Amino acid sequence: MVSFSYFATGARTDKCRKTYIVFVVWDAVQFTVWYFMMPETKQRTLEELDDIFAAKNPVKQSLKVHKLALNSEKQVVGIEDI
């Protein structure tokens, strides 16, 4: 949306271009940091996410493999490290 609004308004001054470039570079930096620092949360239970985010190093904790103990109603009753 930012790029569309930039080109749609006809902002062609040198100052506007520099401001736009600053925001694009900053967004790229933020995305890169987020991509490498955010732990994987796909297909995790809430209990696993609690353990991951409570750890000192969440990314390292998210890479560990765990075995879940489920009851007959498919609720998590325990988590053990493998």
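Residues numbered from 1 in each chain as written. Predicted model: local features only at pLDDT ≥ 70, side-chain atom pairs only at ≥ 80, totals over all residues. Heavy atoms only, no water.

A. Main features of the overall build of the protein chain. Summing up its helical and strand segments, the protein chain has four helices and two strands in all. Reading the helices (α) and strands (β) of the protein chain from amino to carboxyl end gives α-α-α-α-β-β. A buried classification covers 12% of the 82 residues belonging to the protein chain. Pairs at least 24 residues apart make up 9% of the contacts formed inside the protein chain by residues separated by at least 6 positions. (Helix = DSSP H or I, 4+ residues; strand = E, 2+ residues; numbered from the N terminus. Buried < 20%, exposed > 50% of the residue type's maximum accessible area, 1.4 Å probe, protein only. Contact = heavy atoms within 4.5 Å.)

B. Examining the side chain of Gln-61 more closely. In this fold, Gln-61 is placed in helix H4 (residues 58-63). With relative accessibility at 15%, the residue Gln-61 sits in the buried group. Residues in contact with Gln-61, not counting those within four places in the same chain, are Asp-51, Ile-52, Ala-55 and His-66.

C. Structural view of the confidence of the model for the protein chain. With 82% of its residues at a pLDDT of 70 or more, the protein chain shows a mean pLDDT of 80. Per-residue pLDDT, averaged within each element of the protein chain, yields its smallest value for helix H1 (residues 2-8) (57) and its largest for helix H3 (residues 46-54) (87). (pLDDT = per-residue confidence, 0-100.)

D. Geometry of the pairing of strand S2 (residues 76-81). Looking at chain direction, strand S1 (residues 66-70) and S2 are connected through five bridges and run antiparallel. Across the sheet, residue Ala-69 finds its bridge partner in S2, namely Gly-78. From the end of S1 to the start of S2, which pair antiparallel, there are five residues, and Lys-74 there has a positive phi angle of about 60°. (Pairing = 2+ DSSP bridges.)

E. Local environment of the environment of Ile-82. Structurally, Ile-82 is set in the segment after S2. Residue Ile-82 is classed as exposed on the basis of its relative accessible area, which comes to 73%. Taking the C-alpha atoms as reference, Ile-82 lies 6.6 Å from Lys-67; in sequence the two are 15 residues apart. Dropping the residues within four chain positions of it, Ile-82 is found in contact with Val-65, His-66 and Lys-67.

F. The arrangement of unusual backbone geometry in detail. Phi at Gln-43 is positive, roughly 55°, even though this residue is not glycine. Inspection of the secondary structure assignment puts Gln-43 in the loop between helix H2 (14-37) and H3. Exposure remark for Gln-43: the relative accessible area of 74% places this residue in the exposed category. Its identity is not glycine, yet Lys-74 carries a phi of approximately 60°, on the positive side. Lys-74 gets classed as exposed once you look at its relative accessible area, which sits at 71%.

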